[in-house]
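Residue-level structural notes
For reference, the chains in residue letters:
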Amino acid sequence: MAALLRGVRAGRALRGLAGVVSAPAARKPQCSGLRRGFHCAALRLQDESKSDKPSSSSSTTYHEHYQAHSAEQDTAAASHGDSASDPAAEEAARPNTSYQDQSGEQNEEYETEEQLQARILNAALEFVPQHGWSMEAIAAGAETLGLSSASTGMFYNGGGDLVLHFIAQCNSQLTDILAEQHKEIQLGQAEAKKTADFLRDAIETRLRMYIPYIETWPQAMSLLLLPHNIPDSLKHLSTLVDDIWYYAGDRSTDMNWYTKRAALTGIFNTTELVMVQDSSPDFQDTWNFLDNRIQDVTNMATTAKQMQSTGETVVQGLMGAAVTLKNLTGMNQRR
Amino acid sequence: MQRAAHTALYDWSQTVSPMIRQCLKSRGPLQLSSRAYSVVPPPRDSEEKEMLDRILRVDHAGEYGANRIYAGQMAVLGRTRTGPLIQHMWDQEKKHLEKFNEILAENRVRPTALLPLWNVAGFLLGASTAMLGKEGAMACTVAVEESISEHYNSQIRALMEKDPERYTELLQVIKEFRDDEMEHHDTGLEHEAESLPGYWLLKNAIQLGCKAAIYVSQRV
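Residues numbered from 1 in each chain as written. Chains lettered and ligands numbered in written order. Predicted model: local features only at pLDDT ≥ 70, side-chain atom pairs only at ≥ 80, totals over all residues. Heavy atoms only, no water.

Section: the overall build of chain A
Stated formally: Only DSSP runs of H or I reaching four residues or more are called helices, and only runs of E reaching two or more are called strands; each is numbered from the N terminus. The cut-offs for exposure are 20% and 50% of the maximum accessible area for each residue type, with area from a 1.4 Å probe on protein chains only; residues under the lower value are buried, those over the upper are exposed, and the others partly exposed. Residue contacts follow a heavy-atom distance rule, with two residues in contact if any of their heavy atoms lie within 4.5 Å.
Per the secondary structure count, chain A includes 15 helices and 0 strands. Looking at chain A residue by residue over its 335 residues, the buried ones come to 45%. Long-range pairs, those at least 24 residues apart, make up 66% of the contacts in chain A with a sequence separation of at least 6.

Considerations on a nonpolar patch on the surface
The line we're drawing: What goes into a patch is any residue over 30% in relative accessible area without a salt bridge, connected to like charges within 9 Å or, for nonpolar side chains (Val, Leu, Ile, Met, Phe, Trp, Tyr), within 5 Å. We get accessible surface area from the Shrake-Rupley algorithm with a probe of 1.4 Å; when it comes to residues, only the shown protein chains can shield them. By definition, a salt bridge exists where a carboxyl oxygen of Asp or Glu is found within 4 Å of a side-chain nitrogen of Lys or Arg.
Residues Tyr215(B), Val216(B) and Val220(B) make up a contiguous nonpolar surface patch of about 240 Å² in total accessible area. Position of Val220(B) relative to the elements: it lies in the segment after α7 (199-219).

Description of the nonpolar core
Residues and elements named next belong to chain A. Short version of the rule: Buried Ala, Val, Leu, Ile, Met, Phe, Trp, Tyr and Cys residues form a nonpolar core when they are joined through side-chain atoms within 4.5 Å.
If you look at the biggest cluster of nonpolar residues, it comprises 52 residues, and the most contacted ones within it are Trp 133, Leu 162, Tyr 210, Trp 217 and Ile 244. Elements supplying a minimum of two residues to this core: α7 (113-125), α9 (135-144), α10 (159-186), α11 (195-208), α12 (217-224), α13 (230-248), α14 (255-276) and α15 (284-328). At 8 residues, α10 tops the list of elements feeding residues into this core. Trp 133 has contacts with Leu 125, Val 128, Gly 159, Leu 162, Val 163, Phe 166, Tyr 213, Thr 216, Trp 217, Gln 219, Ala 220 and Leu 223, leaving out every residue within four places of it along the chain.

Things to note about the layout of surface pockets
Residue and element names in this part refer to chain A. The test is simple: Site definitions follow a grid-based scheme: protein atoms alone, a 1 Å grid, a 1.4 Å probe that fits but cannot get out for cavities, and for pockets an open set with protein on both sides within 12 Å along at least five of seven lines, plus lining residues having an atom within 4 Å of a point. Grid points are joined across faces, edges and corners, and a volume is the space filled by probe spheres set on the points. Think of it as three bins: nonpolar holds Ala, Val, Leu, Ile, Met, Phe, Trp, Tyr, Cys and Pro, charged holds Asp, Glu, Lys and Arg, and polar takes everything else, Gly as well.
In this structure, the second largest pocket spans a volume of roughly 970 Å³. For the second largest pocket, the lining is made up of 27 residues, of which Asn 256, Lys 260, Ala 301, Thr 302 and Lys 305 are closest to its centre. Every element with two or more residues in the lining of the second largest pocket is listed here: α11, α13, α14 and α15. Per-element accounting of the lining of the second largest pocket gives the leading share, 10 residues, to α15. A breakdown of the residues in the lining of the second largest pocket according to their chemical character gives 13 nonpolar, 7 polar and 7 charged.

Let's talk about the side chain of Thr253(A)
Put simply, the rule reads: By the criterion applied in these results, polar contacts are pairs of N or O atoms within 3.5 Å in which, for protein atoms, one can donate a hydrogen and the other can accept it, and in which residues neighboring in sequence qualify only through two side-chain atoms.
With respect to the helices and strands, Thr253(A) occurs in the loop between α13 and α14. The class for Thr253(A) is buried, based on a relative accessible area of 11%. At 2.6 Å, the side chain of Thr253(A) and the side chain of Asn101(B) are in polar contact.

So this is what it looks like as structure tokens:
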């Protein structure tokens, strides 16, 4: 923490930026913020179409004065893990046009580092079938954007960065689809689905996003299991499952919150595993597997409910027997 | 004088608690965002979300625990003279828990994973102190309500320090609940909580437990 503070202070002095404050969460991208800043500056020297000013202030911390405009970016960056997916993905479509009202700086076209990274990773995705989830794919992606392949130096996690970015993107796409469906239901334009069907459709939609990359997906999965990637991948997984349950209508505030999410995580992971080795047409075996697992969970839930009500009845019976006994022995007097 | 107050309270609780129960029943199934405004403002960044999550999580856990404590007390003292009094306080706690359930669901806050633990621990605490008699139950109430009021007060302070305008509704809710808890605390004192032998020891032990519970529920 102290080293981080020293590094940031040095970075501040060197870069003359007023806005970088050390963030409490010591996550890897933020620890290397100083170095990224230099890389960023190096890139900008190469790419003359971008402005000279380093601009990663709003992307690295949350303790910012400029919260009004960067609120959406920060929220998106925060909720979708390491790289800004929502606004960055949109920004990727129209580069260099983020007007940010930072005090002391004028309105100009520049891009934050996270937006740049998102653009490069998006471009890299099309090279994944060819190069796998690796630095080569990222380098190829950077080249299609007109950047030098040395810009891969920005990505310390290599293929892991690419996979995590892809997953975050898939999750946000799914959330958009679910939100859209939810809106339609609220407007009365669509029928509400039963929970089991909803879950099945949501997971199927989400897994279908892997189909273009299914050949290399085992590599991606193994990347996600690397120890330094596990926190991020777990975070993405838990966000995904929470989102699906939220839109499925779960509003529980007791242990059900945990059991439901655990069950859905299990279903998702096992179905994903089945999918990578499925060779049936259109992955029909996978969807059948998914159906069966959801059926299992539904049955288990029903059984649990039945057991609970049986248990309650039994307890009531025992209480009745106890009261009868107390009455018979004369113990049940009012005090 | 005390007896008159007692009967007055009893009569009042007889009229009020069915009303409260009626209100609770007529709510029906929980609707998705059925109100025009939300008690908690949408968080601007993940740090604020984290802070709000902790506050709401621990408050929810607290009300849940308080519920179970009163349930335990009722299980033992339910058919004695203090039954209606405890029932009345329990009904108010149920109302609080209901409110927090709503807020948690609306804001997608994760409830604490230790709920089953608070379930059992609360019931046992309530039941065991009630077995010491009415004074024991009242002493437990005093201790717990004092802890909770202090905790709500520190939350109110924290929110006021940050931004009283932004959190107006949330502050209102917490203040209202704090006032209810203070009322329970005073009720406990009125009903001879302090006359329990070992009152000081029991009170401090319970308050220590509450502090630990609050600390853990914020994080887990």
